[in-house]
Amino acid sequence: MSQLFVSDGRQIVGQRENQEDAFLIVPLEGNEERAERVLVILADGMGGHAAGQVASEIVVNRFRDFFTQPGLLGPPSQLLGEALDFANRAVGESAASNPAYHGMGCTVVAVLCENQRAWWVSVGDSHLYLLRDNRVSKLNADHSYGGYLDTLEAKGENPANAQNLPRNMLMSAVVGERIPMVDLPSEPLPLKTRDRLVLASDGLDTIAREELALRFDAGIPPGAFAQRLVETVEQAGKPRQDNTTVAVIEVRGAATVQRNANGTTVPTPPANERRRLPLLAGGLVLLAVAAGGSYYFIAKSTPPPPPTAEAAVATGDPLSPQPTREARKPLVEAELRAPLPKEIREFRDTLRDGAEGPEMVEIVAGHFVMGRPQDPRAKDEYPPHSVTVPGFAMGRYELTVAEYRRFAEATDRAVNEIWDSDPQNTPITGISWGDALAYTDWLSEQTGHHYRLPSEAEWEYAAGAATTTHYWWGYRAEKGFARCFDCGEQLGPVSPLPIGSFQPNPYGVYDTSGNVAEWVRDCYHPNYNNAPRDGSAWEEEGCDQRIARGGSYANASSALRTAARAHFSPDTTLEDIGFRVARDFP
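Residues numbered from 1 in each chain as written. Predicted model: local features only at pLDDT ≥ 70, side-chain atom pairs only at ≥ 80, totals over all residues. Heavy atoms only, no water.

1. Brief notes about the packing of aromatic side chains
Line of reasoning, step 1. One pass over the full model with this rule turns up 17 aromatic pairs.
Line of reasoning, step 2. Ring geometry for Phe407 against Tyr439: centres 5.5 Å apart, planes inclined by 90°, an arrangement best described as edge-to-face. Taken together, the residues Phe407 in helix 7 (residues 401-411) and Tyr439 in helix 8 (residues 433-447) connect sequence positions 32 residues apart. You'll find Phe407 and Tyr439 in the same group, each marked buried.
Line of reasoning, step 3. Between Trp519 and Phe568 the ring centres are 6.1 Å apart and the planes differ by 80°, which places this aromatic pair in the edge-to-face class. Of this pair, Trp519 sits in strand 20 (residues 517-523) while Phe568 sits in strand 22 (residues 565-568), and the two are 49 residues apart along the sequence. In this structure, Trp519 and Phe568 share a single accessibility class: buried.
Line of reasoning, step 4. A network of ring pairs unites the aromatic residues Tyr404, Phe407, Tyr439, Trp442 and Phe579 as a single cluster. (Phe/Tyr/Trp six-rings, centres within 6.5 Å; stacked < 30°, edge-to-face > 60°. Helix = DSSP H or I, 4+ residues; strand = E, 2+ residues; numbered from the N terminus. Buried < 20%, exposed > 50% of the residue type's maximum accessible area, 1.4 Å probe, protein only.)

Shown next, in the form of structure tokens:
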């Protein structure tokens, strides 16, 4: 039996000069007053002035565009993830096309209700509450720093060593790049008659969560309930009150929507959509610079943009071209034949002056499946494909400051001294892709062996160590395995740990996940279509983007996955990107 859903919402500017929030109620079957299937999207813009407005408008409209295209099929959770990806790419396209929109983004929560169930996807610190029997439950995750600390406390962990960062600092948002944290449950929430789902921007934090139940009575319709909540926020008189938006979905019981003679629901014309869009923007900043450290939580790996333009959104026109969905391609079925070595073979070559080169580990030849099944938030990891990797040697550790300094002094190059307290054990960072490549050429000359940067395929093969999980140790970023922002070793790390601080993977390679990201040889391509299958680097004439793998101490754990990719200009020098070397066998 289908349920009938009634939805409405309200918003206020608060004490801000501009409105950056936006929301849309999209009846997918029926209309707003009597919908059997409904999508509600709420976005809270950031980036200042027009940028926040544009970002929130883009996101709510792109969700609407995605779900109203004809012939849409698939599990609801998957569709929500794909809609998020579509909206995220549109934000990135718009930001790239207009310098005034640099840094724009938004948080988002979207809920799809149908057949007595609700699915949702959310990014950031906007809220989704369930009001049932006068009790209020928070349904979605809080991707702010405060929410992160609260999660640790709930698990019994002690956040006493937390960095002195603002609790409202976002750890995840929709900014056009890879989204590090997404709340997208695969299983729906079962709904009951008289349940209410409340979507709200973080401006509602002015009042206690319990106010949702106190301000509710059974006879009040969703719009009036939303109005009560925003009025309660205004009555609190908070200085610099943020924009506040509240949207409410009520479950009314069995649906009796009118149907045509052929049995289909009477279509709802687009004019019936309720739109609450912002005027201008002014708002939050995604990332904070604190304690001398610059944190970036989003892996710099921008997916290819959608085939749409943002001019219509920027001018307030709600209509936009419909997205074209990629055909779902089958997962590559290939037997994993990456063998585990019987023993770890280590060696070091000698330089001309008698010094020892980097410590190397033999990586045995084998086959593996590179990449991952299609994910709306990581399309550059698709399609998975079988790769045959010849045997080679890989640096057991990331190259150290001391090892790089020997080369720099011989070739009159600068050395990043920022992590110079222990040069023998500190990974070198702040070097470009070209610097790393020059080091391997010098090392080849010094040793008489062919050293180079590993190919992307070789790196993933060695880092995965005959596993198919997110990380070589499993599916979760557990404490004691890696160095990253949310890996549990230290909250908000601002520097790398010494090499070899965690146990090696089964191939004897250390620190492939986190600590510092690592340059590899390949030119960046937005997907693996036509990628080499022999383990070699994928080059391209005039390449302006090179790949770094493994994530770093400054990333969220999602960027540390074995298959995750980041790309930068080869001239980029960041304090969390280093490299390790590879060597051919004769």
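Alright, that's what it looks like, and here's the rest.
2. Some details on the sheet that holds strand 23 (residues 577-578)
Line of reasoning, step 1. Within the open sheet, the four strands sit side by side as 22-21-20-23. Their pairing is mixed. The open sheet has two edge strands with one neighbour each: strand 22 and strand 23.
Line of reasoning, step 2. Sheet analysis places strand 21 (residues 546-549) next to strand 22, joined by four bridges and oriented antiparallel. Across the sheet, Arg546 pairs through a bridge with Phe568, a residue of strand 22.
Line of reasoning, step 3. Across the sheet, helix 8 lies against strand 20 and strand 21, angled at about 85° from strand 20, the strand it touches most. (Pairing = 2+ DSSP bridges. Contact = heavy atoms within 4.5 Å. Axes fitted to C-alpha atoms, helices over the stretch in contact; angles between N-to-C directions.)

3. Considerations on the pairing of strand 17 (residues 385-389)
Line of reasoning, step 1. Only one face of strand 17 is covered, namely the face carrying His385, Val387 and Val389; the face carrying Ser386 and Thr388 is uncovered.
Line of reasoning, step 2. Here five bridges tie strand 16 (residues 366-370) to strand 17, and the two strands are oriented antiparallel to one another. Within the sheet, the bridge partner assigned to Phe368 lies in strand 17 and is Val387.

4. Thoughts on unusual backbone geometry
Note on backbone geometry: most residues besides glycine have negative phi, and most peptide bonds are trans.
Line of reasoning, step 1. Across the junction of Tyr382 and Pro383, the peptide omega takes the value 0°, indicating a cis bond.
Line of reasoning, step 2. Within the fold, Pro383 resides in the loop between strand 16 and strand 17.
Line of reasoning, step 3. If you check the backbone angles, Asn134 has positive phi at about 60° while not being a glycine.
Line of reasoning, step 4. Turning to its location among the elements, Asn134 is positioned in the loop between strand 6 (127-132) and strand 7 (135-138).

5. Focus: the confidence of the model for the protein chain
Atomic detail in the predicted coordinates should be set aside for any region of low pLDDT.
Line of reasoning, step 1. For the protein chain, the average pLDDT comes to 80, and 78% of its residues sit at 70 or higher.
Line of reasoning, step 2. Confidence drops under pLDDT 50 across residues 256-336; counting only partners more than four residues distant or on other chains, this segment forms 220 contacts. (pLDDT = per-residue confidence, 0-100.)

6. A short note on the nonpolar core
Line of reasoning, step 1. Within the largest apolar cluster, 35 residues are counted, with the highest numbers of intra-cluster contacts made by Ile41, Val59, Phe63, Phe67, Leu80 and Val174.
Line of reasoning, step 2. Put simply, the parts of the chain that give this core at least two residues each are strand 2 (21-30), strand 3 (35-46), helix 1 (50-67), helix 2 (76-97), strand 4 (105-114) and strand 5 (117-123).
Line of reasoning, step 3. Residue contributions to this core peak at nine residues, all from helix 1.
Line of reasoning, step 4. Residues Phe347, Leu351, Tyr404 and Leu453 belong to the second largest nonpolar core, which totals 30 residues. (Core = buried A, V, L, I, M, F, W, Y, C linked by side-chain atoms within 4.5 Å.)

7. What about the packing of helix 7 against helix 8?
Line of reasoning, step 1. Two elements in contact, helix 7 and helix 8, have axes whose closest approach is 10 Å; the angle formed by their N-to-C orientations is 85°. Taken together, the axis directions place helix 7 and helix 8 in an arrangement best described as roughly perpendicular. On the side of helix 7, the interface is formed by Glu403, Tyr404, Arg406, Phe407, Ala410 and Thr411, while helix 8 contributes Asp435, Ala438, Tyr439 and Trp442.
Line of reasoning, step 2. Residue composition of the contact of helix 7 with helix 8, grouped by class: six nonpolar, one polar and three charged. (Parallel < 35°, antiparallel > 145°, perpendicular 65-115°, else oblique. Nonpolar A, V, L, I, M, F, W, Y, C, P; charged D, E, K, R; others polar.)

8. What about the state of the cysteines?
Line of reasoning, step 1. Per the stated rule, a full pass over the model turns up one disulfide.
Line of reasoning, step 2. Paired by a disulfide, Cys523 and Cys543 hold their sulfur atoms 2.2 Å apart. Disulfide Cys523 to Cys543: torsion about the S-S bond roughly 100°, handedness right-handed. You can see Cys523 sitting in strand 20 and its partner Cys543 sitting in the loop between strand 20 and strand 21, a full 20 residues away along the chain.
Line of reasoning, step 3. With a relative accessible area of 17%, Cys543 lands in the buried category. (Disulfide = S-S within 2.5 Å.)

9. Some points on the sheet that holds strand 15 (residues 360-363)
Line of reasoning, step 1. Read from one edge of the open sheet, five strands run 14-15-18-24-19, paired in antiparallel fashion. If you trace the sheet from one side to the other, it starts and ends with strand 14 (346-347) and strand 19 (451-452), each paired once.
Line of reasoning, step 2. Where strand 19 and strand 24 (residues 582-583) come together, two bridges link them in antiparallel fashion. Across the sheet, the residue bridging to Tyr451 is Arg583, located in strand 24.
Line of reasoning, step 3. Packing against the sheet, helix 9 (residues 456-464) makes contact with strand 15, strand 18 (392-395) and strand 19, and its axis sits at approximately 75° to strand 18.

10. Side note on helix 5 (residues 222-235)
Line of reasoning, step 1. Spanning 14 residues, helix 5 covers 20 Å between terminal C-alpha atoms, matching the ideal 20 Å at 1.5 Å per step.
Line of reasoning, step 2. Among the residues of helix 5, those classed as buried are Pro222, Gly223, Phe225, Ala226, Leu229, Val230, Thr232 and Val233.
Line of reasoning, step 3. Of the residues trailing helix 5, Gly237 is marked for its positive phi of about 60°. (Expected span 1.5 Å × (residues − 1).)

11. Topic: the pattern of salt bridges
Line of reasoning, step 1. Applying the stated criterion across every chain yields a total of 27 salt bridges.
Line of reasoning, step 2. Across the pair Arg64 and Asp65 runs a salt bridge, and its minimum N-O distance is 2.7 Å. Comparing Arg64 with Asp65, the two get one shared label, buried.
Line of reasoning, step 3. Among the ionic pairs, Glu539 bridges to Arg521, the shortest N-O distance being 2.6 Å. (Salt bridge = Lys/Arg side-chain N within 4 Å of Asp/Glu carboxyl O.)

12. A closer look at the side chain of Ser126
Line of reasoning, step 1. Position of Ser126 relative to the elements: it lies in the loop between strand 5 and strand 6.
Line of reasoning, step 2. At 2.9 Å, the side chain of Ser126 and the side chain of Thr107 are in polar contact.
Line of reasoning, step 3. Not counting the four nearest positions on each side in its chain, Ser126 is found in contact with Leu42, Asp44, Thr107, Val109, Lys138, Asn140, Ala200 and Ser201. (Polar contact = N/O pair within 3.5 Å; in protein donor to acceptor, adjacent residues only side chain to side chain.)

13. A short note on helix 9
Line of reasoning, step 1. Judged by how many residues are buried, helix 9 sits mostly within the fold: nine of nine residues are covered.
Line of reasoning, step 2. Turning to helix 9, its buried residues number three or more, namely Glu456, Ala457, Glu458, Trp459, Glu460, Tyr461, Ala462, Ala463 and Gly464.

14. Focus on the environment of Trp459
Line of reasoning, step 1. By the secondary structure assignment, Trp459 is in helix 9.
Line of reasoning, step 2. Relative accessible area serves as the criterion here: at 0%, Trp459 is assigned to the buried category.
Line of reasoning, step 3. With 104 residues separating them in the primary sequence, Trp459 and Ala563 have C-alpha atoms 9.8 Å apart.
Line of reasoning, step 4. If we ignore the near neighbours within four places in the chain, the residues touching Trp459 are Met394, Pro454, Thr512, Glu518, Val520, Arg549, Gly550 and Thr562.
Line of reasoning, step 5. There is a polar contact of 2.8 Å between the side chain of Trp459 and the side chain of Glu518.

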